[in-house]
Amino acid sequence: MAALAGEHSISYDARGLAEPDAAVPKVSEISGTSAEFDAHDLSTRQINLELRWLIYEQGVTDVTVRNPGAKHSLGVGILSRCKITFDGSLGYFGCGIIDGPEVHVKGRVGWSACENMMSGVVVIDGNAGSLTGAAMRGGDLVVKGRVGARSGIDQKGGTIIVLGSAGSMNGFMMQRGRQIICGDVGHGLGDSMYDGTIYVGGKVRSLGIDCVPGEWTDADTEFVERKFRIYGLGGPPQLQKFVCGKKLYNYDNLEPSERKLVL
Amino acid sequence: MSEHLAYSEPEKIKSIDAEFLSGHRFPYQEDISLVEDVDLDAATPGDDINWLEDVELLSEDGTPAVFDRYSNSFLKIYFPIPAGRENEIARKVLITHLQSGNSYGIRLKETHCKFPQPELGPWVAGSRTVGSEWKPPVLEGWEAPLH
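If you look chain A up in an unreviewed UniProt entry, it shows as GXGXG motif from Gaiella occulta.

Enquirer: Any chance you could explain the overall build of chain A here in plain terms?
Expert: In terms of regular secondary structure, chain A is built from four helices and 12 strands. Here chain A holds 263 residues, and 51% of them are scored as buried. About 11700 Å² of surface is accessible on chain A, with carbon and sulfur atoms providing 50% of the total.

Enquirer: Explanation requested: the sheet that holds strand 1 (residues 58–60) of chain B in the structure shown.
Expert: Either a parallel or an antiparallel arrangement is found when strands of a sheet pair, and the pairing is made through backbone hydrogen bonds. Residue and element names in this part refer to chain B. One open sheet accounts for three strands, arranged 1-2-3; its pairing is antiparallel. Each end of this open sheet is capped by a strand with a single partner; those strands are strand 1 and strand 3 (73–76). For this sheet, the mean angle separating the axes of adjacent strands, direction not counted, is 60 degrees. The sheet contact formed by strand 1 and strand 2 (residues 63–68) spans three bridges and is antiparallel. The residue of strand 2 that forms the bridge with Glu60 is Thr63. Packing against the sheet, helix 3 (residues 86–99) makes contact with strand 2 and strand 3, and its axis sits at approximately 50 degrees to strand 2.

Enquirer: Got a minute to help me understand the interface of chain A and chain B in this structure?
Expert: Note: interface size is frequently given as the accessible area lost on complex formation between the parts. Across the contact, 24 residues belong to chain A and 21 residues belong to chain B. Roughly 1800 Å² of surface becomes buried between chain A and chain B when both sides are summed, with 45% attributable to carbon and sulfur atoms. Across the chain A-chain B interface, the total number found is six salt bridges. Glu53 of chain B is the partner of Lys227 of chain A in a salt bridge, and the nearest nitrogen-oxygen pair spans 3.2 Å. Taken together, the links from chain A to chain B amount to 17 residue pairs in polar contact (both at pLDDT 80 or more). Breaking the side of chain A that touches chain B down by element, the ones donating at least two residues are strand 5 (99–105), strand 6 (119–124), strand 8 (156–162), strand 9 (176–181) and helix 3 (218–230) of chain A.

Enquirer: For this particular structure, what's the right way to read the pattern of salt bridges?
Expert: Side chains that differ in sign of charge can pair as their charged atoms come close. Summed over all chains, the structure comprises 22 salt bridges over all chains. Notably, a salt bridge pairs Asp54 of chain B with Arg178 of chain A, separated by 3.0 Å at the nearest N-O pair. Taken together, the residues span two chains, with Asp54 of chain B in the loop between helix 2 (40–43) and strand 1 and Arg178 of chain A in strand 9. Of the two residues examined, Asp54 of chain B and Arg178 of chain A, each falls in the buried class. Arg85 of chain B serves as the salt-bridge partner of Glu36 of chain B, at 2.7 Å between the closest nitrogen and oxygen. Pair noted here: Glu36 of chain B is in the loop between helix 1 (18–22) and helix 2 and Arg85 of chain B is in the loop between strand 3 and helix 3, with a separation of 49 residues, a long-range link. According to the relative accessible area criterion, Glu36 of chain B is partly exposed, its value standing at 29%. Under the relative-accessibility criterion, Arg85 of chain B is labelled partly exposed at 23%.

Enquirer: I would appreciate a short explanation of the pairing of strand 10 (residues 197–200) of chain A in the present structure.
Expert: In summary, the side chains of a regular strand alternate between the two faces of the sheet. Residue and element names in this part refer to chain A. Alternating residues of strand 10 divide into Thr197 and Tyr199 and Ile198 and Val200, and every residue in both groups is buried. Alignment of strand 10 against strand 12 (residues 240–244), held across three bridges, turns out to be antiparallel. In the sheet register, Val200 faces strand 12, and the bridge partner there is Gln240.

Enquirer: What's the story with the sheet that holds strand 7 (residues 140–143) of chain A in this structure? I'm lost.
Expert: All names here are of chain A. With mixed pairing, 12 strands are arranged side by side in an open sheet as 1-2-3-4-5-6-7-8-9-10-12-11. Each of the sheet's edge strands pairs with one partner strand only, and the pair in question is strand 1 (29–31) and strand 11 (211–213). Adjacent strand axes in the sheet meet at a mean angle of 15 degrees, parallel and antiparallel pairs treated alike. Pairing analysis gives four bridges linking strand 9 to strand 10, with the strands arranged parallel. Across the sheet, Gln179 pairs through a bridge with Ile198, a residue of strand 10.

Enquirer: Where do I start with the nonpolar core in this structure?
Expert: Across soluble globular proteins, nonpolar side chains show a tendency to be buried alongside one another. Residue and element names in this part refer to chain A. Counting 48 residues, the largest nonpolar core has Phe37, Leu51 and Phe86 as the members making the most contacts within it. The element contributing the most residues to this core is helix 2 (residues 44–57), with six residues. Excluding its chain neighbours within four sequence positions, the residues that come into contact with Leu51 are Phe37, Val63, Val65, Gly75, Ile78, Ile84 and Phe86.

About the criteria used
Residues numbered from 1 in each chain as written. Chains lettered and ligands numbered in written order. Predicted model: local features only at pLDDT ≥ 70, side-chain atom pairs only at ≥ 80, totals over all residues. Heavy atoms only, no water. Helix = DSSP H or I, 4+ residues; strand = E, 2+ residues; numbered from the N terminus. Buried < 20%, exposed > 50% of the residue type's maximum accessible area, 1.4 Å probe, protein only. Areas by Shrake-Rupley, 256 points an atom, 1.4 Å probe, with all protein chains shown as cover. Pairing = 2+ DSSP bridges. Axes fitted to C-alpha atoms, helices over the stretch in contact; angles between N-to-C directions. Contact = heavy atoms within 4.5 Å. Buried area = accessible area lost by both parts, 1.4 Å probe. Salt bridge = Lys/Arg side-chain N within 4 Å of Asp/Glu carboxyl O. Polar contact = N/O pair within 3.5 Å; in protein donor to acceptor, adjacent residues only side chain to side chain. Core = buried A, V, L, I, M, F, W, Y, C linked by side-chain atoms within 4.5 Å.

Next comes the structure, spelled out in structure tokens:
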């Protein structure tokens, strides 16, 4: 109920948009290059304005956001090297379109965390919803819990590491990048993927169209061990590798009968 | 520069590279000593090469090149690349290009970005903020239709 009190104090305009004026709250306690503020009574827009003001204008490189209250779209569009800690959970579209920050979420996140992330590091202590890392272009995204369906959909780069299990259609239409899923994955893994690599430690309910087992190489071992070492995740489990079979690459050029064989 | 240029209708520009966009070639495209000292780990977030993991040496018009995603163009490399260091050199040339502010996508920021952001992105600490004063461009003599 305490969190709801914060939401109730937010005013909305006729279009349902919160805080139409773009005034920066300037409520942070700044100490050198570090800052901290309580987001309990702030709207999404105010929190993001405060973050940008601190990072772009005050020279702050390390920000802690207390009580994020699972609000949506927090920490989006940060295009600078810095550290951001969310001392709680985020709603959907958290940390989207970021380029550079190292983010630590001490809680869970909703749908589409790190959507379109360009570079940076995001570590989520809890679970993440569906579409985690959607259309991600680069950087490392570590989820210490589970992820929902279609994580890494349309992934174009970067690395998604999941210590728990994953839902169905993971890596759907994946085009580049890597996923390491230590637990089980649902149906349709890597469906219609164009490229990229998916490593799975647990059981695979079923493979999607054109997703096939790949040949393990020394480069895979080096990559997985390096990522686990950097993020202090211990020893990696035994992993299976899956890649694109590349039979659908030019399916528009195939005769309909040939396409049926592929499908 | 790209050899696949044509401005007359109906033919369009088929491919563009960094030299075409900027109008000239950059020294680090021709001299490996200018990129040898680049620290890739320091240039990227975290304790790893981060997004550069996906950057590899490619080829454009038969010349070794690295793709600059921030301007959607290739940056050609004209010096001999030591065997076994192809991706490393490609990454170093790209980071040098971005840190120097020569990427066409960066050069467009001051005029066109609508929201405040560091001009040189996450590659250079303390970069100035651009985009704070953006105003919609006005086309002289044009009036919005009545509907």
